[in-house]
Amino acid sequence: MNFGAPLRSKMDLVSGYKGVVGLVFGNESSASSEDSSYVERLLDRISNGVLAEDRRTAIAELQSVVAESHSAQLAFGAMGFPVLMGVLKEERDDVEMVRGALETLVSALTPIDRTRGPKNEVQAALMNSDLLSREAEDISLLLSLLSEEDFYVRYYTLQLLTALLANSPNRLQEAILTIPRGITRLMDMLMDREVIRNEALLLLTHLTCEAEEIQKIVVFEGAFEKIFSIIKEEGGSEGGVVVQDCLELLNNLIRNNGSNQILLRETIGFEPLISILRLRGSAYTFTQQKAVNLLSALESIELLLGGREAEPGKDADRLANQTILCQKALDYLLMLGVESQWAAVAVRCAALRCIGDLVARNPENLDTVASKLLGDEPDVEPALNSILRILLRTSSLQEFIAADYIFKCFCETNADGQAMLASTMIPQPLSMTHAPLEEDVKMSFGSMLLRGLTLTETDGDLETCCRAASVLTHILKDNTQCKERVIQIEIEAPMSSMGAPEPLMHLIIKYLVFAASLRKKENDHKNKSSTSVGDSYIQPIILRLLVTWLADCPKAVHSFLDSRPHLTFLLELVSSPSATVCVRGLAAVLLGECVIYNKFGDSARDSFMVVDAISQKIGLTSYLLKFDEMQKSFLFSSAKPAQQRKSLTRSNAASMVETKEVDEIDGISQMQDEHPILSSLFDAQFVNFVKKLETHIRDSIVGIYSHPKNSVVVVPAELEQKSGESDGDYIKRLKSFVEKQCTEMQDLLGRNATLAEELMEAGGGVASGSDQRASSGGRERVQTETLRRDLQEAVQRVEMLKSEKSKIEADASMYCNLASKLEADLKSLSDAYNSLEQANFRLESEVNALRKGEAYPDVEALKAQAREEAQKESEAELSDLLVCLGQEQSKVEKLTIRLKELGEDVDSLLDGIGDDIGLPDDGEEDDD
């Protein structure tokens with residue numbers, strides 16, 4: 001470009017002025033009043049000078065001074081803006097004056113590097129930016145200069161606005177929004193000459209960073225079409241930094257902005273963006289700028305997919321974006337992330353993350369990826385197999401995390417996909433397990449995974465086992481069917497010390513023991529960096545698998561406790577000083593799952609046994625402290641839901657392409673003795689799951705210590721009746737046994753209540769928030785539970801007594817009715833007996849009268865006949881009466897015995913019955 005004579009003359013003026021500047025500002029101790037007076041004289045020449053050439057010279061001198069001297073910048077801010085803004089307003093026809101004024105303003109807003117200056121020194125550039133941005137009229141004046149024909153006027157104006165935006169973004173954004181057609185003028189610059197266009201791109205990128213209203217206006221002004229037009233002109237991914245700037249502007253427009261994403265999808269579509277990912281002839285050459293361009297395009301894909309945690313109400317837009325991108329971009333993403341192993345690690349990782357976002361909670365895309373095949377005949381294999389191979393073999397932890405993210409998204413809320421992957425887990429012969437790596441192309445997904453889970457006595461295989469365990473965690477998560485299926489898998493142990501085939505779970509636990517022993521040896525030698533096995537992420541990842549496996553799966557707990565050494569090892573691991581806080585905490589969680597999900601009928605392995613072992617080997621207080629230590633660790637306290645990944649900008653692009661290993665970029669985690677990889681794998685979802693488990697475990701332990709067992713498995717010998725023992729003695733012995741058991745039970749309940757109270761106090765002493773409130777009410781909870789139980793027992797006793805009272809009252813009423821009936825029967829018999837006696841008396845009277853009369857010679861014969869007839873009649877009636885009396889007497893005897901058993905006084909009940917009936921005694925009857 002030819003800057004022309006004006007620029008050459010200005011350069012001459014600046015070079016001629018260097019001596020003056022050195023004189024005035026060369027001494028660092030020069031008084032600020034001298035600086036201020038010099039700048040003031042230059043400003044006076046600019047505003048009051050008669051000759052135009054003299055005024056131009058003053059502006060050139062002022063620009064040079066302000067660009068090189070911090071004190072001149074401070075002096076300029078106090079009085080320079082009104083003068084130069086007046087020049088811009090009044091001298092529009094003098095192009096050179098306008099150029100000089102704009103360049104001076106840019107210098108006033110550009111920070112000067114002062115490495116030797118005091119720390120609390122006033123930042124002149126920030127102060128000047130604040131002064132200039134206060135007046136919306138000044139911003140409007142600057143925007144109006146964009147319509148000037150002079151190239152340098154437009155160029156310096158854009159530079160000035162960019163500098164102003166960098167120092168005072170909020171004020172400039174507000175001012176531009178209030179100016180009619182302010183954004184439109186900036187957008188017009190995108191169609192200007194290349195240098196102007198590039199400056200306008202930078203300005204718009206800064207302007208749209210967080211201003212949603214400006215983003216909408218920019219999109220309305222046709223930003224998408226202009227952005228992709230520039231990208232196409234620059235050569236797509238093969239282009240230079242301008243392509244990166246365009247994509248950064250695009251990402252600002254669609255980041256967390258659903259309406260702009262919809263507009264992009266429904267106007268020009270995603271095809272222009274996807275075309276950037278299409279590798280052309282030079283696919284095998286990846287320059288740094290090309291990698292940055294691809295990273296920027298992949299960031300755009302991630303923003304459109306919305307990540308795994310989409311906002312409520314925006315799921316429909318996310319699904320629409322997923323569907324389109326899966327149809328058009330999946331092949332390019334697989335090429336970049338899986339097949340192009342010559343690409344930069346950062347590019348491969350970003351492509352893998354995009355594939356994960358593509359399938360997250362999308363059934364249609366899940367099926368597409370599950371059925372996708374890669375490679376050429378005859379070595380075609382499923383895409384998931386290729387991704388698993390990358391996960392197991394890669395030397396980059398970043399790539400392992402990205403590949404693991406795909407399986408996490410694939411298995412989440414995808415029970416059919418989990419079952420499909422688990423169904424392929426068929427153990428291979430030991431010879432196949434150690435076949436050359438090239439042979440795994442022919443393996444199924446599950447066989448390859450099991451191969452990764454088999455371990456030789458080398459550190460590298462232990463890390464591979466750890467990675468395979470992470471994938472298995474996703475397959476088993478929240479899927480009881482898969483958990484129970486994998487429990488049945490038995491594989492041959494390649495380690496010589498492990499012997500015959502055994503369940504996969506037991507083998508994994510032995511790997512955990514192996515890793516713990518290596519960690520302990522490493523700590524004993526005081527050299528944590530000497531071997532890769534010491535990395536503190538291997539044990540937590542294996543423990544995460546076991547925690548996920550045992551969760552809500554009694555069969556898994558049964559398999560875990562089948563081997564007594566497993567429980568012993570866990571108890572030792574919880575107390576191990578060589579283990580990290582995370583490892584001890586997860587081991588404590590695993591022990592807790594053996595309590596809350598334990599369905600053993602065998603008392604030797606039930607939840608009571610586990611709690612008792614914890615109490616004896618660790619102590620309940622110490623055990624619960626492991627939860628609190630883990631929750632306070634950096635890993636758990638810093639877990640946040642679905643954070644937006646760091647945006648790619650010019651300032652961080654180079655560092656993001658040159659991906660460092662995870663253990664080098666997170667010093668905070670290293671200080672906490674936890675590997676930084678765990679912050680990626682232990683997401684907020686798992687952390688919250690562990691916190692819920694902790695609450696359940698605490699409550700279960702308190703419940704176990706507060707209540708006795710619900711059933712007795714073995715009947716004590718004291719409950720059986722001995723041979724030859726009478727019923728009374730047996731009842732007395734049973735009563736004594738029950739009283740003794742009740743006394744022991746009350747003592748046991750008292751001790752357990754005290755233990756439960758101490759347990760809650762110990763757990764809450766170091767807890768926070770809800771844990772403190774729970775612990776402070778421990779005593780009340782135990783007392784309330786005891787009172788509730790006593791109240792229930794009292795209510796049951798009262799109900800039983802009421803039932804017995806009702807039964808006794810019913811029996812008493814029945815017996816009273818029977819007594820009344822007996823009384824009536826006795827009265828009827830008495831009346832019959834009296835009438836018989838009266839008839840007998842009458843007959844005897846007649847007999848006596850006949851005796852006295854002599855007219856009847858056969859009186860004695862008649863008398864004998866009458867007596868004989870009366871005797872027969874009396875004997876028949878007496879026979880019937882005696883039968884009735886015998887029956888009633890039997891009833892009375894039985895009723896008397898029953899009433900005595902019930903505690904009734906029989907004599908008082910029969911008192912007075914029959915007194916009013918005058919029955920002749922036996923002697924009188926005999927006399928007759």
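Residues numbered from 1 in each chain as written. Predicted model: local features only at pLDDT ≥ 70, side-chain atom pairs only at ≥ 80, totals over all residues. Heavy atoms only, no water.

With respect to the packing of helix 11 (residues 194-207) against helix 14 (residues 241-254)
- The contact between helix 11 and helix 14 brings their axes to 9 Å, and the two run at 30°. Compared by their axis directions, helix 11 and helix 14 come out roughly parallel. By crossing handedness, the relation of helix 11 to helix 14 is classed as left-handed. Every residue of helix 14 that contacts helix 11 at Arg-197, Asn-198, Leu-201, Leu-202, Leu-204 and Thr-205 is listed here: Val-242, Asp-245, Cys-246, Glu-248, Leu-249 and Asn-252.
- Partitioning the contact of helix 11 with helix 14 into residue classes produces six nonpolar, three polar and three charged. (Axes fitted to C-alpha atoms, helices over the stretch in contact; angles between N-to-C directions. Helix = DSSP H or I, 4+ residues; strand = E, 2+ residues; numbered from the N terminus. Parallel < 35°, antiparallel > 145°, perpendicular 65-115°, else oblique. Left-handed = near helix turned anticlockwise from the far one by under 90°. Contact = heavy atoms within 4.5 Å. Nonpolar A, V, L, I, M, F, W, Y, C, P; charged D, E, K, R; others polar.)

A look at helix 12 (residues 212-220)
- Residues of helix 12 that are buried: Ile-214, Gln-215, Val-218 and Val-219. Here the buried residues of helix 12 occupy an arc of 135° about the axis, which is enough to place them on one side.
- Considering only its buried residues, helix 12 is in contact with helix 9 (169-178), helix 10 (182-188), helix 11, helix 13 (223-234), helix 14 and helix 15 (258-266).
- Following helix 12 by one or two positions, Gly-222 adopts a phi angle in the positive range, close to 85°. (Buried < 20%, exposed > 50% of the residue type's maximum accessible area, 1.4 Å probe, protein only. Arc of directions from axis to C-beta.)

Some thoughts on a negative patch on the surface
- A cluster of like negative charges, contributed by Glu-339, Asp-376, Glu-377 and Asp-379, occupies part of the molecular surface.
- With respect to the helices, strands and loops of the structure, Asp-376 is situated in the loop between strand 1 (373-374) and strand 2 (381-382).
- For Asp-376, a relative accessible area of 63% gives the class exposed. (Patch = residues over 30% accessible without salt bridge, like charges linked within 9 Å, V, L, I, M, F, W, Y side chains within 5 Å. Areas by Shrake-Rupley, 256 points an atom, 1.4 Å probe, with all protein chains shown as cover. Salt bridge = Lys/Arg side-chain N within 4 Å of Asp/Glu carboxyl O. Lys, Arg positive; Asp, Glu negative; His and termini not counted. Charge placed at Lys NZ, Arg CZ, Asp CG, Glu CD.)

Some details on the pattern of salt bridges
- All chains considered together, the criterion is met by 30 salt bridges.
- One salt bridge connects Arg-698 with Glu-694, and the closest N-O pair in it is separated by 3.1 Å. With a gap of four residues between them, Arg-698 and Glu-694 both fall in helix 40 (residues 684-706), about one helical turn apart.
- Bridged by salt links that share partners, the residues Glu-53, Arg-56, Asp-94 and Glu-96 form one connected network.

So, the nonpolar core
- Membership of the largest hydrophobic core comes to 234 residues, with the highest contact counts inside it found for Phe-76, Leu-88, Leu-186, Leu-472, Leu-504, Trp-549 and Tyr-623.
- Sequence-distant contacts of Phe-76, that is, excluding residues within four places in its chain, are made with Val-39, Leu-43, Leu-62, Val-66, Phe-81, Leu-84, Thr-104, Leu-105 and Ala-108. (Core = buried A, V, L, I, M, F, W, Y, C linked by side-chain atoms within 4.5 Å.)

Observations concerning the packing of helix 31 (residues 564-575) against helix 32 (residues 581-596)
- Remark: helix 31 packs on helix 32, axes separated minimally by 8 Å, with the N-to-C direction vectors making an angle of 140°. Between helix 31 and helix 32 lies a crossing whose hand is left-handed. The residues of helix 32 that touch helix 31, namely those facing Leu-567, Leu-570, Leu-571, Leu-573 and Val-574, are Val-583, Arg-584, Ala-587, Ala-588, Leu-590 and Leu-591.
- Considering only residue class, the contact of helix 31 with helix 32 consists of 10 nonpolar, no polar and one charged.

Topic: the packing of aromatic side chains
- Counted under the stated rule, the structure contains nine aromatic pairs.
- Between the aromatic rings of Phe-682 and Phe-686, the centroid separation amounts to 5.0 Å while the plane-to-plane angle is 70°, which identifies the pairing as edge-to-face. By the burial criterion, Phe-682 is buried, and Phe-686 matches it.
- The ring of Phe-151 has Arg-193 lying over it, and the distance from NZ or CZ to the ring centre is 4.3 Å.
- Stacked on the ring of Phe-286, the Lys or Arg Lys-290 has its end atom at 4.6 Å from the ring centre. (Phe/Tyr/Trp six-rings, centres within 6.5 Å; stacked < 30°, edge-to-face > 60°. Lys NZ or Arg CZ within 6 Å of the ring centre and 35° of its normal.)

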